Amino acid sequence: MRPTGSDILVVDDEADIRDLVSGLLEDEGHAVRVAANSDEALAAIRARKPSLAILDIWMQGGGLDGLELLEVVKELDPDLPVVMISGHGNIETAVTALKRGAYDFIEKPFKSDRLVVVVERAIEAATLRRENRRLRAATMTPSGLIGRSQAAQALRSTIAKVAQANSRVLIAGPAGSGKELVARQIHEASPRARAEFVAISAAGMTPERLDVELFGEEGQDGRPRKIGVFERAHNGTLYLDEISDMPRESQSRILRVLVDQRFRRVGGEQDVQVDVRVVTSTSRDLKAEIAEGRFREDLFHRLNVVPIRVPPLSERREDIAELVEYFVDTISASQGLPKRIVGDDAVAVLQVHPWPGNIRQLRNNIERLLILATGDPAETITADMLPQEVATSNGGTANLGGERTIALPLREAREVFEREYLAAQIMRFGGNISRTAAFIGMERSALHRKLKSLGVSPARGGDEEEPA
Ligand SMILES: Nc1ncnc2c1ncn2[C@@H]1O[C@H](COP(=O)(O)OP(=O)(O)OP(=O)(O)O)[C@@H](O)[C@H]1O
């Protein structure tokens, strides 16, 4: 795909060259801003970071020359691609510019197609670098949303619908349930996918530090010192993780950006205008936070245009077997660990674990299992090889009544066992009676009768009709 529609800053002290270069780039569909010297260039960058800068090496009339300006720009954002324009016979200086981080240079007088090609290649290279970073990050945190449960299917279809709209999204769900993954998928399926997805969490930050992270900072000389996440996410998506952790002052500032689509860097005197889609997450009940005066109600309404709920893993146990297989594959591949087979008995134990830490906790346990599992790598991992945390606390069903039943007559002991065994099996199969019956080898109607006589309610058995 040819990179068009980029925001390019052209810095040259000669008006003719500025006009020529901007005319050529505008014809190619780019938005162009111009600056006649380093002060104007820094003011333009202050107004918003461009996606590429073209700097003339020799600039008259005071201020920084092109090479000095290059250094300031690179310090500010090493990823911002810069193309230099050098005068005829200035090859040595141009090479110095490359050493200092410029992407390429064009020599005056230049041909228009050379300019267009260099600019597009520079933007393409920056996009690729970003894409590579994203892919590298994706191998660490998988980018697929795994699961065939109704909940997972509903999530996928919501993501597909929401991605196309430009509206703000508030993702609610417990810690580790996959909120950030949902946010990333929304970004990737949206028309904003070529720009950045930037995530920030307020946890553990002072309000002052958070302000700098969100909005960036300017030094006393008026030069930007740090680019904040709102600016980095320009044309892309900003993910504010656990929004209720934001201090009240930051909440007010975020509200203002949402209303105005502009803000000032800390210590800055000029507005920065941005086009950012804001996606937020919360694991708390924001209505309760509002009632207790900890969260701004007006901000809540601005953020909660499309609410998405990510269910806890305990509500989608049907996905556990597939998640286990997926994590074994991805973790063993990314960490160079032998790929193991997790046996059915081990998967069954994982399926009845309560998982208060949700998918993240499951993932961590699989990682631990792959690192610590003993025996021949070709050997199947069995239930007794599971990490302690999982093996000993699976919802009170681990022993299936072992210690208590010893004091009971056989008939009562059998009842205790059956009750716990069946409750655990129903949980594993997400409340699906047909699949539970098939697994334990009973007729569905017989299982229903059994459950009734034992007083076990098929917890989430709503996905089936009562037997005739
Ligand atoms: N459906 C899924 N398929 C595959 N991996 C998943 C799925 N859901 C979550 N994960 C993985 O589980 C881990 C936790 O997910 P994520 O960070 O998105 O959760 P979160 O709800 O944002 O957590 P927190 O509230 O703690 O920030 C990540 O490694 C993520 O890739």
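Look a little higher up for the structure.
Values in this document were obtained by computation on a predicted structure and should not be read as measured data. (Residues numbered from 1 in each chain as written. Predicted model: local features only at pLDDT ≥ 70, side-chain atom pairs only at ≥ 80, totals over all residues.)

Participant: Mind showing me how you'd approach the environment of P224 here?
Facilitator: Along the chain, P224 turns up in strand 9 (residues 224-226). Judged by the 24 C-beta atoms lying within 10 Å of it, P224 is buried. Residues in contact with P224, not counting those within four places in the same chain, are I45, R46, L76, G216, E218 and R265. (Helix = DSSP H or I, 4+ residues; strand = E, 2+ residues; numbered from the N terminus. Buried ≥ 20, exposed ≤ 12 C-beta atoms within 10 Å, placed from the backbone. Contact = placed C-beta atoms within 7 Å.)

Participant: Help me out: how do you make sense of helix 7 (residues 179-188) in this one?
Facilitator: For the α-helix, the turn length of 3.6 residues means that residues three or four positions removed from each other point alike. By the criterion of burial, helix 7 is predominantly enclosed, with 9 of the 10 residues buried. Of all the residues in helix 7, the buried ones are K179, E180, L181, V182, A183, R184, Q185, I186 and H187. As for helix 7, its buried residues are in contact with helix 6 (150-164), strand 6 (169-172), strand 7 (197-201), strand 10 (237-241), strand 13 (277-282) and strand 14 (306-309).

Participant: Even after reading the chapter, I still don't get the site of the ligand, so can you show me in this structure?
Facilitator: Lining the immediate environment of the ligand, one finds 20 residues, of which I146, G178, K179, E180 and L181 sit closest. The set of elements that each furnish at least two residues to the shell around the ligand consists of helix 7 and helix 15 (358-372). Grouping the constituent residues of the shell around the ligand by class yields 6 nonpolar, 9 polar and 5 charged. Two domains share the shell around the ligand, each providing at least three of its residues, namely domain 2 (153-311) and domain 3 (314-391). (Near = placed C-beta within 6 Å. Nonpolar A, V, L, I, M, F, W, Y, C, P; charged D, E, K, R; others polar. Domains from an automatic or database assignment.)

Participant: Looking at this structure, how should I read helix 13 (residues 320-335)?
Facilitator: With 16 residues, helix 13 should cover 22 Å at 1.5 Å per step; its first-to-last C-alpha distance of 22 Å lies within 8% of that length. Listing the buried residues of helix 13 in full gives I320, L323, V324, F327, V328, T330 and I331. Buried residues in helix 13 make contact with helix 14 (344-352) and helix 15. Trailing helix 13 by a residue or two, G336 shows a phi angle of about 65°, which is positive. (Expected span 1.5 Å × (residues − 1).)

Participant: Help me out: how do you make sense of the sheet that holds strand 13 in this one?
Facilitator: Pairing between sheet strands relies on hydrogen bonds along the backbone, with the strands arranged either parallel or antiparallel. Taking strand neighbours across the sheet as the criterion, the 5 strands line up as 7-10-13-6-14 in an open arrangement whose pairing is parallel. With partners counted over all chains shown, the strands left at the sheet margins are strand 7 and strand 14, one partner each. In this sheet, adjacent strand axes meet at a mean angle of 20° when their direction is disregarded. Here 4 bridges tie strand 10 to strand 13, and the two strands are oriented parallel to one another. Looking across to strand 13, one finds that Y239 is bridged to V279. Packing against the sheet, helix 7 makes contact with strand 6, strand 7, strand 10, strand 13 and strand 14, and its axis sits at approximately 165° to strand 13. (Pairing = 2+ DSSP bridges. Axes fitted to C-alpha atoms, helices over the stretch in contact; angles between N-to-C directions.)

Participant: What is the right way to look at the packing of helix 19 (residues 433-440) against helix 20 (residues 444-454) in this model?
Facilitator: Packed helix pairs are specified by the crossing angle of their axes together with the interaxial distance, meaning the distance between the axes. Where helix 19 meets helix 20, the closest approach of the two axes is 9 Å, and the angle between their N-to-C directions is 100°. Here helix 19 is positioned roughly perpendicular relative to helix 20, judged by the angle of their axes. When helix 19 is examined against helix 20, the residues I433, S434, T436 and A437 are found in contact with a partner set consisting of R444, L447 and H448. For the contact of helix 19 with helix 20, the residue count by class is 3 nonpolar, 3 polar and 1 charged. (Parallel < 35°, antiparallel > 145°, perpendicular 65-115°, else oblique.)

Participant: I keep staring at the sheet that holds strand 3 (residues 52-56) and nothing clicks. Help me out?
Facilitator: Spatially, the 5 strands line up as an open sheet ordered 2-1-3-4-5, and their pairing is parallel. Strand pairing shows two members of the sheet lacking a second neighbour, strand 2 (31-35) and strand 5 (104-107), which therefore form its edges. Strand after strand, the sheet turns through a mean of 20° between neighbouring axes, direction not considered. Where strand 3 lies against strand 4 (residues 82-86), 4 bridges are found, and the strand directions are parallel. Considered in strand 4, the bridge of A53 is made with V82. Together, strand 1 (7-11), strand 2 and strand 3 form the strand contacts of helix 1 (residues 15-27), whose direction differs from that of strand 2 by roughly 170°. Along the sheet, helix 3 (residues 66-76) makes contact with strand 1, strand 3 and strand 4, crossing strand 3 at roughly 155°.

Participant: Please explain the environment of L422 as it appears in this structure.
Facilitator: Position of L422 among the secondary structure elements: in helix 18 (residues 410-428). For L422, the contacting residues outside a window of four places in its chain are L451, L454 and V456.

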